[in-house]
Amino acid sequence: MFKILLMHGPNLNLLGWREPGIYGTVGFDEINTRMKKVAEENGAELRVFQSNSEGALVDAIQDARNWADGIVINPGAYAHYSIAMRDALSAVKLPTIEVHLSNVHARDEFRHKLVLSPVCVGVIAGLGWRSYLYGLHALLAMLAEQKK
Ligand code: DQA
């Protein structure tokens, strides 16, 4: 059974309420419920972690090396400047898919730079809550292929 860490960065706990025109109306808890269900349907276990603090996110990435097979991460604004999170992902070497609800490339210029992406397997952006869904499907498919 694959074990997946679903990690959310700052302000994502406000999903559903926060700028729904940009991030959609599906709430934070609802996204996690849907993701857990999809994981379960695919024989995987999903653990959710959200924090507004960079250090707590780094700690959770480090801890994941003791139990997780892969990570789906929406780093929120830290995607654009957290070298500490990038270094943590590099260190643990777990296959990681970066996801964003909004199409960051179509937004402010400061959102175009993604410092974690080079150490992720891939990036999915702009598909609303489904960015998480497709990220999880991609990660599980990759893990299954590697196991063969
Ligand atoms: C986001 C995009 C980031 O630029 C922003 O800071 C967020 C959310 C997204 O999911 O679209 O907090 O990661």
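Residues numbered from 1 in each chain as written. Predicted model: local features only at pLDDT ≥ 70, side-chain atom pairs only at ≥ 80, totals over all residues. Heavy atoms only, no water.

## Observations concerning the site of the ligand
Lining the immediate environment of the ligand, one finds Arg18, Tyr23, Asn74, Gly76, Ala77, His80, His100, Leu101, Ser102, Val104 and Arg111. In the environment of the ligand, an oxygen atom lies 3.2 Å from a nitrogen or oxygen atom belonging to the backbone of Ala77. Between the ligand and His100 there is a distance of 2.8 Å, counted from an oxygen atom to a side-chain nitrogen or oxygen. (Near = heavy atom within 4 Å. Polar contact = N/O pair within 3.5 Å; in protein donor to acceptor, adjacent residues only side chain to side chain.)

## Remarks on helix H2 (residues 28–41)
Compared with the 20 Å implied by 1.5 Å per residue over 14 residues, the 20 Å span of H2 between its first and last C-alpha is a close match. For H2, the set of buried residues is Phe28, Ile31, Asn32, Met35, Val38 and Ala39. Seen end-on, H2 carries its buried residues on one side only, within an arc spanning 125°. Among the exposed residues of H2, those pointing more than 90 degrees away from its buried face are Asp29, Lys37, Glu40 and Glu41. (Helix = DSSP H or I, 4+ residues; strand = E, 2+ residues; numbered from the N terminus. Expected span 1.5 Å × (residues − 1). Buried < 20%, exposed > 50% of the residue type's maximum accessible area, 1.4 Å probe, protein only. Arc of directions from axis to C-beta.)

## Section: the nonpolar core
Soluble globular proteins: nonpolar side chains tend toward being buried together. Core analysis: the biggest nonpolar cluster contains 26 residues, and Ile4, Leu15, Ile31, Leu101, Tyr132 and Leu136 have the highest contact counts within it. At the level of secondary structure, the elements contributing two or more residues to this core comprise strand E1 (3–8), H2, strand E4 (96–100) and helix H5 (130–147). Each residue touching Leu15, except ones within four places of it in the same chain, is listed here: Tyr23, Val26, Gly27, Phe28, Ile31, Leu101 and Tyr132. Residues Ala64, Ile71, Met85 and Ala88 belong to the second largest nonpolar core, which totals 20 residues. (Core = buried A, V, L, I, M, F, W, Y, C linked by side-chain atoms within 4.5 Å. Contact = heavy atoms within 4.5 Å.)

## What to know about helix H3 (residues 54–64)
Listing the buried residues of H3 in full gives Leu57, Val58, Ala60, Ile61 and Ala64. For H3, the buried positions fall inside an angular range of 160° around the axis, keeping them on one side. Check the buried side of H3 and you find it contacts E1, strand E2 (45–50), strand E3 (70–74) and helix H4 (83–92).

## Here we look at the sheet that holds E4
Note: strands within a sheet are paired through backbone hydrogen bonds, in either parallel or antiparallel orientation. Taken together, five strands build an open sheet; the order of strands is E2-E1-E3-E4-E5 and the sheet is parallel. Here the strands that pair on one side only, and so sit at the sheet edges, are E2 and strand E5 (122–125). Direction aside, neighbouring strands of the sheet carry axes that sit 20° apart on average. Strand direction decides the pairing type here: E1 and E2, joined by six bridges, are parallel. Following the sheet pairing, His8 is matched in E2 by Gln50. This element, H5, spans E1, E2, E3, E4 and E5 of the sheet and lies at about 170° to E4. (Pairing = 2+ DSSP bridges. Axes fitted to C-alpha atoms, helices over the stretch in contact; angles between N-to-C directions.)

No statement about biological role is implied by the geometric values presented.
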